[in-house]
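Residue-level structural notes
Given next are the chains, with one letter for each unit.
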Amino acid sequence: MRRVRYFTAAAAVAVLLLTGCTGTADPSAPPSSPSAIPTGTAPASSTGSPSATPPAVLAKLPRIPWDGGPDFYKKFSKADAAGWDDPNFFPIGVWYASANGEQMQFDKAHGINFYVQFNPDTDYALFDQHGMFSLMKPKNAPDNWAQLPGNYVDDEVDGRFGWDEGVAHMNQTIKDLKAKEEGRFTYANWTPSLISYDAPMDITKRYWETVDVSSTSNYYYAGACRDWRLRTPQGYNPTTTATCQTSSAYAKAMQVMQEVNAARGVYTPIWMVPTVLSPEGEHDLSDQMTPDRVKAQVWAMLIHESRGIVWFTQSPGGGDDNPCMSGDALADVRIHNTACSRDQVQAMGEVNAEVKALAPVLNTQSYVWNFGDGLDTMLKSYNGDAYIFAMTQDAQTGQRTFTLPTGVTPKTIEVVNENRTIAVKDGKFTDDFPVESTHHVYKVRL
């Protein structure tokens, strides 16, 4: 059997798949080195201009390959006119939403700014009224609808068709939409098959090339540790059954997606699909999400250069083992204050707010720098400051020591949103990562 597929449906709509975590690496796969390297150490040459002149002390560092950040959307007149090219804007969406007026107010207050799917009979005027974007056109919306910067094309086509048939389906669908001619970008979500050893890189590239923006649905925290054969990114340790239900699995999945861009030689945005609840509930093969996990999955993927968030808020599977079964956790919390999901929804809103506040930083081109062993990091600069985003690799915990780039010599650094500073000595500082989901953002005065 070429691919394993786990399918559930809710509200008569196709929803994202619950997929599991990889076991040991495929023995036929290329070996990786025993210690991982920081994000962006695959080809370091830039494919576009940095978003701003780098500070002198960082100017000699190589940059990660660049998809253009917000400038990517300047290529699409509708997205450009909608303000998606604004450095202060970071796309934060919901996969399938209730999308009525009261729900839009609630969703917006929790950081959502666009919807991927919803009831097609929804009145388009509600989006205008609440300042929300959509990647799906309601039935009554005009062709030139300003709140439609891009078009959602399809979900997990690679899991419903043979390899060639799926690519042909995508190309025909896009031709029918005439999306690119309308000045709108195209978006599709794929199964994790495309970033596993089950899919040859050439096949994955062909799917990636059909659309402008791609994502894959990976629910490692919530899903069972099945042998999904996730590719091991170059320079990283394989994900094992001991580390599959951790933030490091999300990090490696995101890094594999970056390697797809590298193999294409064309860098386009990659979005993440985090989940609010476990799609299958909680049982011996599936864990329920916790607030810490809700946040950690996002930071792990952001550190690996995700350019957007599409929240999966459903929990349609699990039967009697799923007391939190839901078609939209956000609506459940707004209407019923549902106990089993309100803490996760609050955590979703909190991490969305942090991402929104850091959007001008996140929307800049990163530098390549190795801060030290056992760290997964991203280095950026904005307004004369450096920002270090950090987690640990392979679900490790404990103290980690950071070595700053040459010429970066502050006496202290600020830990963003934690109301503390850390002393720097001889160009190094140390911080604690007590659990695998711990993340820190450091602001360094240059």
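Residues numbered from 1 in each chain as written. Predicted model: local features only at pLDDT ≥ 70, side-chain atom pairs only at ≥ 80, totals over all residues. Heavy atoms only, no water.

Some points on the overall build of the protein chain
If you tally the helices and strands in the protein chain, you get ten helices and 17 strands. A burial count over the protein chain gives 60% of its 446 residues as buried. Within the protein chain, contacts between residues at least 6 apart in sequence are counted, and of these 69% link residues at least 24 apart. When the accessible surface of the protein chain is totalled, it reaches about 17000 Å², and 50% of it is carbon and sulfur. (Helix = DSSP H or I, 4+ residues; strand = E, 2+ residues; numbered from the N terminus. Buried < 20%, exposed > 50% of the residue type's maximum accessible area, 1.4 Å probe, protein only. Contact = heavy atoms within 4.5 Å. Areas by Shrake-Rupley, 256 points an atom, 1.4 Å probe, with all protein chains shown as cover.)

Description of the sheet that holds strand S5 (residues 133-134)
With respect to topology, five strands assemble into an open sheet ordered S5-S4-S3-S10-S9, the strand pairing being parallel. At either end of the open sheet lies a strand with only one pairing partner, and these are S5 and strand S9 (271-272). Bridge analysis of S9 against strand S10 (residues 308-311) gives two bridges, and the strand direction is parallel. Opposite Met272, over in S10, you have Ile309 as the bridge partner. Seen against the sheet, helix H9 (residues 339-357) touches strand S3 (92-96) and S10 and runs at an angle of roughly 165 degrees to S10. (Pairing = 2+ DSSP bridges. Axes fitted to C-alpha atoms, helices over the stretch in contact; angles between N-to-C directions.)

Overview of the packing of helix H2 (residues 101-109) against helix H8 (residues 329-336)
Packing of H2 against H8 brings their axes to within 10 Å, and their N-to-C directions diverge by 105 degrees. Comparing the axis directions of H2 and H8 gives the class roughly perpendicular. Where H2 abuts H8, its residues Glu102, Gln103, Phe106 and Asp107 lie against Leu330, Ala331, Val333 and Arg334. In the contact of H2 with H8, the residues fall into four nonpolar, one polar and three charged. (Parallel < 35°, antiparallel > 145°, perpendicular 65-115°, else oblique. Nonpolar A, V, L, I, M, F, W, Y, C, P; charged D, E, K, R; others polar.)

As for empty space enclosed by the protein
Scanning the model with the defined rule gives four cavities of 30 Å³ or more in all. Of the volumes computed, that of the second largest cavity is approximately 60 Å³. Lining of the second largest cavity is provided by Gly69, Pro70, Tyr73, Trp84, Phe89, Pro91, Pro269, Arg307 and Asn363. Classifying every residue of the lining of the second largest cavity gives six nonpolar, two polar and one charged. (1 Å grid on protein atoms, 1.4 Å probe; cavity = no way out; pocket = protein on both sides within 12 Å on 5 of 7 lines; lining within 4 Å. Points joined across faces, edges and corners; volume = space filled by probe spheres on them.)

Describing the state of the cysteines
Tallied over the full model, the rule gives one disulfide. The disulfide bridge from Cys324 ends at Cys340, spanning 2.2 Å between sulfur atoms. Here Cys340 lies in helix H9 and Cys324 lies in the loop between S10 and H8, a separation of 16 residues in the sequence. (Disulfide = S-S within 2.5 Å.)

Considering the sheet that holds strand S12 (residues 385-392)
Strand pairing in a sheet is mediated by backbone hydrogen bonds. Such pairs are either parallel or antiparallel. The antiparallel open sheet is built from five strands, whose spatial order is S11-S12-S17-S14-S15. Edge strands, defined here as strands with exactly one partner in the open sheet, are strand S11 (375-382) and strand S15 (420-423). Neighbour-to-neighbour, the strand axes of this sheet turn through a mean angle of 30 degrees, independent of strand direction. The sheet contact formed by S11 and S12 spans eight bridges and is antiparallel. Bridging from a neighbouring strand, Asp376 pairs with Met391 of S12. Along the sheet face, helix H7 (residues 291-302) touches S11, S12 and strand S17 (440-445) and points at about 120 degrees away from the line of S12.

Section: the nonpolar core
Membership of the largest hydrophobic core comes to 76 residues, with the highest contact counts inside it found for Ile112, Tyr115, Trp190, Trp299, Trp311, Val355 and Phe389. Setting aside residues no more than four positions away along its own chain, Phe389 makes contact with Trp299, Ile303, Leu358, Val361, Leu362, Asp376, Thr377, Met378, Lys380, His440 and Val441. Counting residues in hydrophobic clusters, the runner-up holds 22 residues, among them Phe72, Ala82, Trp84 and Val273. (Core = buried A, V, L, I, M, F, W, Y, C linked by side-chain atoms within 4.5 Å.)

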